[in-house]
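A structural walkthrough
One-letter residues, chain by chain:
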Amino acid sequence: MSPPEPVLLRRIERERAARIAAERLLEEKSLDLYEINKGLRAWTTMLEDIVKERTAELTKALEETREANSQIEHQALHDPLTGLPNRRYLRQVLQDISKSEDDGRRPGIAIFHIDLDSFKQINDTRGHAAGDFVLAHAASILQSLVRADDFVARIGGDEFVIVARTDGNMRALTLLADRITAELARPVLYKRNYCRFGASVGIAYSRSKISDPSKLLVNADIALYRAKHAGRGRHAFFSSALQKEIIENQTMAEDILSGFDQNEFFPIYQPQFDATTYDIVGVETMVRWNHRDKGVMHPAQFLRIAEDIKVIDRIDALVLERALGDLISFHNSGVVIPRLSVNISLRRLQDPNLAKSLRGLKLPKGLLAFELVESIFLDDSGADSSLTRTLKRLNRLGIEIEIDDFGTGHASIVGLLRVHPTRLKIDQELIKPINKSRKQRRLVQSIIEMGKALGIGIVAEGVETMEHATILRDLGCDYLQGYALAVPMTAPRLFHFIKTGAWRDAEAAPCSVPMPGAEDLVSPKFA
Ligand code: C2E
Ligand code: CA
Ligand code: CA
């Protein structure tokens, strides 16, 4: 074997050196890589920490937002004072019911619309804090009376709504309504004073599943209106007859308002007589309404609605104005009417401009008398003293006060006498039986004697026969009014009646006296 060639040796040497260099380089680079790797790992950990921290922060923020949102939602759906669901929530619940599946179990729903009675007085006389206390109290009572799955909401002011599942058992619904009115009629103690109020309840229900439960809410409201009008502290169920009646009332309310514009209201007059001489001592005015479709209507057909829509004072004012106009034109034609009695509502008496407008008329003393029904004095509250003040003011203007329908309103006699009436009008219900019952005669006699003792004149109304007229005269009654002597009549008929002295010739049958042109306006009895 020949020795390696130097060229080859050099080559080997070079390659070795190169390998060593490469290995060293590799070693160096590995070290670098290790360092880089280490650094990267530290970075990763740091980044991971940051991400974790941020995630935690975000989660917390999200939770806070969620809580705030649900708080806002709760506030939007609840009443802050009582904590009960509000009207919006109720709307949602009704929508949910309309969408829900019928599970076959108690598929119907009942809606109770509850309105507190006399709540305004508590607010006005005891202050808002007491009012708030009463509302919170009422809320907790209502919640305590319903089942766990029933829904109670306060939908505004002093109004609450209960939505309850029902199988249509009316007795169960009545029982709940009775418990509500009974529990809410109990006075509550607030700051050592009792707050007295009550509640009226309107109920509408459907035995089976109903597609639009909000209709029930409207119907419950209609029933509530009825419960309030029936005298408060009670409940009423919705019925289609009730709905019809309410719609008719609404139509009539609109008709009354347009009746003012069309001048459809007018006074008629019923003469009043001296019980001994049969001289005419005055006339009482009574309103009539010449309805464009229904013809002439009596007060019983529309006054309650006029009262509801708060225009009865307008009717009273209008009647007085027209009556005074008639009186003046009678006077100018030689027929003098000694006294005009007009019926006056509490609302008109409470009109702050009443005395001023009457003063402007400069009426002779004793020409005008206001007839106030006894029931006006029943409200023996604080309002009573302002009423007494108004009556004193009227008295100073020479206007006389008569207590109408005496003996029916259950007002205290002491209370009545406080207003110093000029006359008492004994109600026709007390007069009617005097020709048949000695007891009734004694009763009327004692009223007359009381009047005499106190210097108060006595008028008997509803004197339907001459027998009544004679008995009343013998009992000492001062004045008579009734069909036996004259029916209510229009101004032209009254003029003719007085001018001809018709009743004197006609005696027991005055209504047979022919009178011009108002056949449609006589009392139904003689129509
Ligand atoms: P009231 O003041 O007691 O009037 C007497 C009512 O008895 C009148 O009915 C009259 O037509 C009727 N009447 C008169 N004589 C007899 C009789 O012999 N027998 C019977 N059975 N009835 C008789 P009207 O006109 O229907 O009035 C009813 C009530 O409406 C009045 O009762 C009065 O409370 C009220 N009213 C009438 N006009 C007005 C008014 O202009 N303003 C106010 N606020 N109320 C009025
Ligand atoms: Ca009257
Ligand atoms: Ca009367």
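Summary of the structure given here. (Residues numbered from 1 in each chain as written. Chains lettered and ligands numbered in written order. Predicted model: local features only at pLDDT ≥ 70, side-chain atom pairs only at ≥ 80, totals over all residues. Heavy atoms only, no water.)

1. Things to note about the sheet that holds strand S7 (residues 235–237)
Judged by pairing direction, the sheet is mixed, and its 5 strands sit side by side in the order S2-S3-S1-S6-S7 without closing on themselves. Two strands lie at the open edges of the sheet, namely strand S2 (151–156) and S7, each paired on one side alone. In this sheet, neighbouring strand axes are inclined to one another by 20° on average, regardless of whether the strands run parallel or antiparallel. Sheet topology places S2 next to strand S3 (residues 159–166); 5 bridges connect them, and they run antiparallel. (Pairing = 2+ DSSP bridges. Helix = DSSP H or I, 4+ residues; strand = E, 2+ residues; numbered from the N terminus. Axes fitted to C-alpha atoms, helices over the stretch in contact; angles between N-to-C directions.)

2. A word on the coordination of the calcium ion (ligand 3)
Donor atoms from the polypeptide that coordinate the calcium ion (ligand 3) comprise Asp404 (OD), Asp405 (OD), Glu461 (OE) and Glu461 (OE), at 2.1 to 2.6 Å from the metal. Between consecutive donor residues of the calcium ion (ligand 3), the sequence gaps follow D-D-x55-E. Taken as a pair, the calcium ion (ligand 3) and the calcium ion (ligand 2) lie 4.0 Å from each other and share Asp404 as a ligand. Here Asp404 is found in strand S13 (residues 400–406), whereas its partner Glu461 is found in strand S15 (residues 457–461), with 57 residues between them in sequence. Across the pair, exposure class does not vary: Asp404 and Glu461 are buried alike. (Donors = N, O, S within 2.8 Å, 3.2 Å for Na, K, Ca; no water. Buried < 20%, exposed > 50% of the residue type's maximum accessible area, 1.4 Å probe, protein only.)

3. Some details on the environment of Val487
Counting through the fold element by element, Val487 comes out in the loop between strand S16 (479–481) and helix H17 (491–500). We classify Val487 as buried; its relative accessible area is 5%. Residues Val487 and Pro271, 216 residues apart in the sequence, show an inter-C-alpha distance of 7.8 Å.

4. Some points on the site of ligand 1
The environment of ligand 1 is formed by 23 residues, the closest being Gln270, Asp316, Gln428, Glu464 and Tyr483. Between an oxygen atom of ligand 1 and a side-chain N or O atom of Asp404, the distance comes to 2.9 Å. In isolation ligand 1 offers 800 Å² of accessible surface; the protein chains occlude 84% of this area. Within the residue set of the shell around ligand 1, elements represented by two or more residues are strand S9 (280–291), helix H8 (299–308), helix H9 (312–332) and S13. (Near = heavy atom within 4 Å. Polar contact = N/O pair within 3.5 Å; in protein donor to acceptor, adjacent residues only side chain to side chain. Areas by Shrake-Rupley, 256 points an atom, 1.4 Å probe, with all protein chains shown as cover.)

5. Details of the pairing of S9
Taking burial as the measure, the 12 residues of S9 include 11 buried ones, the bulk of the element. Bridge count between strand S8 (residues 265–274) and S9: 9 bridges; the pairing is antiparallel. When the sheet's bridge partners are listed, Pro271 is paired in S9 with Val283. Linking two consecutive strands that pair antiparallel, namely S8 and S9, is a turn of 5 residues; a positive phi of about 60° is found at Tyr278 within it. When S9 meets strand S11 (residues 340–343), the two strands line up parallel, connected through 3 bridges. Counterpart to Val283 in the pairing with S11 is Leu340.

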